[in-house]
2 protein chains.
Amino acid sequence: MSKVTCDMAMSVDGFVAGLNQSYDNPFGEGVGDDLHRWMFDEPEAHAAVIEKITAAGAFIMGRNMFTPGRGAWDLGWTGWWGEEPPYHAPVFVLTHHEREPVKLAGGTTFHFVTDGIESALAQARAAAGDADVAIAGGAHTVNQYLAAGLIDELRLHVAPMLLGRGERLFEGVGRVDLERVGVASGTDLVTHLTYRRARQAGR
Amino acid sequence: MSKVTCDMAMSVDGFVAGLNQSYDNPFGEGVGDDLHRWMFDEPEAHAAVIEKITAAGAFIMGRNMFTPGRGAWDLGWTGWWGEEPPYHAPVFVLTHHEREPVKLAGGTTFHFVTDGIESALAQARAAAGDADVAIAGGAHTVNQYLAAGLIDELRLHVAPMLLGRGERLFEGVGRVDLERVGVASGTDLVTHLTYRRARQAGR
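Residues numbered from 1 in each chain as written. Chains lettered and ligands numbered in written order. Predicted model: local features only at pLDDT ≥ 70, side-chain atom pairs only at ≥ 80, totals over all residues. Heavy atoms only, no water.

Asks: Quick rundown of the overall build of chain A? Include the residues and the values.
Replies: The number of helices and strands found in chain A is five helices and 13 strands. For a compact globule of 203 residues, the expected C-alpha radius of gyration is about 17 Å, and chain A comes in at 16 Å, within 12% of that figure. Each principal axis of the C-alpha atoms in chain A carries an extent, and together these give about 40 × 35 × 35 Å. Residue burial in chain A is summarised as follows: out of 203 residues, 51% are buried. For chain A, restricting intrachain contacts to residue pairs at least 6 apart in sequence, the fraction spanning at least 24 positions comes to 64%. By element, 51% of the accessible surface of chain A is carried by carbon and sulfur atoms, the whole surface being about 9,300 Å². Within chain A, the 26 negative side-chain charges are centred at a point lying 8 Å from the centre of the 17 positive side-chain charges. (Helix = DSSP H or I, 4+ residues; strand = E, 2+ residues; numbered from the N terminus. Rg over C-alpha atoms; globule rule 2.2 N^0.38 Å. Buried < 20%, exposed > 50% of the residue type's maximum accessible area, 1.4 Å probe, protein only. Contact = heavy atoms within 4.5 Å. Areas by Shrake-Rupley, 256 points an atom, 1.4 Å probe, with all protein chains shown as cover. Lys, Arg positive; Asp, Glu negative; His and termini not counted. Charge placed at Lys NZ, Arg CZ, Asp CG, Glu CD.)

Asks: Any details on the pattern of salt bridges? Residues and values, ideally.
Replies: Per the stated rule, a full pass over the model turns up 20 salt bridges over all chains. A salt bridge links Arg168 of chain A to Glu171 of chain A; the shortest N-O distance between them is 3.3 Å. On the accessibility criterion, Glu171 of chain A (45% relative accessible area) is partly exposed. The salt bridge partner of Asp177 of chain A is Arg175 of chain A, with a shortest N-O separation of 3.0 Å. According to the relative accessible area criterion, Asp177 of chain A is buried, its value standing at 7%. Here the salt bridges do not stand alone but share partners, grouping Asp33, Asp34 and Arg37 of chain A together with Arg175 and Asp177 of chain B into one network. (Salt bridge = Lys/Arg side-chain N within 4 Å of Asp/Glu carboxyl O.)

Asks: Quick rundown of the interface of chain B and chain A? Include the residues and the values.
Replies: Residue-level contacts link 33 residues of chain B with 33 residues of chain A. Interface area, chain B with chain A, both sides summed: about 2,600 Å², of which 54% is carbon and sulfur. Three residues, Leu162, Arg175 and Arg180 of chain B, lead the burial of chain B against chain A; their summed loss comes to 26% of the area buried on that side. Our count for the contact surface shared by chain B and chain A stands at four salt bridges. The closest approach of N and O atoms between Arg175 of chain A and Asp34 of chain B, which form a salt bridge, is 2.8 Å. Counting every contact that joins chain B to chain A gives 14 residue pairs in polar contact (both at pLDDT 80 or more). Put simply, the parts of the chain that give the side of chain B that touches chain A at least two residues each are strand E8 (153-159), strand E9 (161-162), strand E11 (176-180), strand E12 (185-187) and strand E13 (190-197) of chain B. For the side of chain B that touches chain A, the class distribution of residues is 16 nonpolar, seven polar and 10 charged. Relative to E9 of chain B, strand E11 (residues 176-180) of chain A runs antiparallel, the two being bridged by two bridges. (Buried area = accessible area lost by both parts, 1.4 Å probe. Polar contact = N/O pair within 3.5 Å; in protein donor to acceptor, adjacent residues only side chain to side chain. Nonpolar A, V, L, I, M, F, W, Y, C, P; charged D, E, K, R; others polar. Pairing = 2+ DSSP bridges.)

Asks: Summarise the relation of the copies chain B and chain A; cite the residues concerned and give the values.
Replies: The operation relating the two chain copies consists of a rotation about an axis and a shift along that axis. When chain B is fitted to chain A, the best match, at an RMSD of 0.0 Å, comes from turning it 180° and sliding it 0.0 Å along the axis. This pairing of chains is accounted for by a two-fold axis. When each C-alpha of chain B is compared by its distance to the rotation axis, Ala184 of chain B comes out closest, at 3.0 Å. When the interface residues of chain B are mapped onto chain A, 100% of them are again interface residues, pointing to one common binding face. (Least-squares fit on C-alpha atoms with pLDDT ≥ 70 in both.)

These figures capture arrangement, not role.
See the structure below:
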C-alpha cells in the first residue's frame, strides 16, 4: 500500500534551514548546503537513500520551498531546479495565490493548491496511484502534516552540527510516539534515521 | 587525556525532560521514564553505553537535577538516588545557595558550587584526576557548558518519540560544528549517537 513519506535533512538541534530564505540563500542565512553536503559530496555512499527520496509518485511542498518570492506570483519563476527538476512527477505547491500549472521537462508539473494540506494530499494521492506521496518540505509544511497525523514514514538525515537558529522541524507538532524502522546508517557527514508513527495511541 | 563528556537521553525533537519538574514528576509532566525506558527495560543490550555514563571520575549537575526544591535548601533532601547514589564519585551541584557537602554511601559526595560553571568544572577536573568529567544535566546546565565550548564529547540517546514541549537541549547554544564519533547503534527503544566538537573553526 502506498504511504506518505517525508525526508528531511536537519541539524542535530532540529533545524532544516536558516532564517531569511532568499534568492541568494535558498536554505536561509548561514546554512549554505551544509545540511546537504552528504548528498553532494558522497552521492554514491548514499545512493539507496537518495533513490528513495526521489522515488515518490507525487510530491507536496510549501510555497517557500518553490520560490523565494512572496505575495503575488512572479510568473517567470518556475522553481529552483532549472528546466528539468529532479522530481519527474507531479508536485503540489501549497499557496494562498492561485496559479496555472507549470509543466517542465522530464515529467515534473507544478500544481498550485490553494485549499489546504488535505486537498493537496488527496490530489497527490490520486496522481501517485500505487506509488508513495512525499512531503518535500519545508519545515512549516512538514510540521502541518505531522501535526495532522498524515505522515507515515519520517526519514531524518542528521548532519553533524548545531545550527542554533533557523526553521525548526517539529515546532507545534506535539506529542507523537514513533517506531524505529530499520537501523541507523550513514557516514561522517550524516546519520540516516527512519521512523514511523507508532501503532498504539500516544500516551 | 581526560575529557568532558555529556550523556543526554532526548526525544527526536530535542527535549530531555517535560515542564514543571516536581517530586511526583522528576522528569517533568507527561514524560515519566519514557526517555530512559531503554535503560530500565534493556540494561543488558546497552551495558557498554550505561557503563560509560557512570565511568566518569566526577560529575556536574544543575540544582534542578539534584532536587525538585527551589529557593533555600531543605537540608533533609540528599538527592533522588537514595542512600547509595549511582555516581560513586564527587558530584558538583550548581546552585545559588551555599550548603555543606553531603557525603553518602559508595563514594558519592555532593558538593555545592555557588561561583559558576567554570569553577565547578575546575573543581571536578581536580577531583577526577585522570578520569573524565561528566556533565550530568539537566538541559539548562548542559546548554551552558555547550555554549561555553566546554564539552568535548556529546553522547545522545535518542528515544523514538516527539514530546512537543519540555526542557529543550541546545537552546541558546548557537552554531557548533560537530564530528561524528563511531557509528550509530541502538535498539528499537533508542539510538545512540556520539559527537565531538569539530577541530576546525565553525563556518
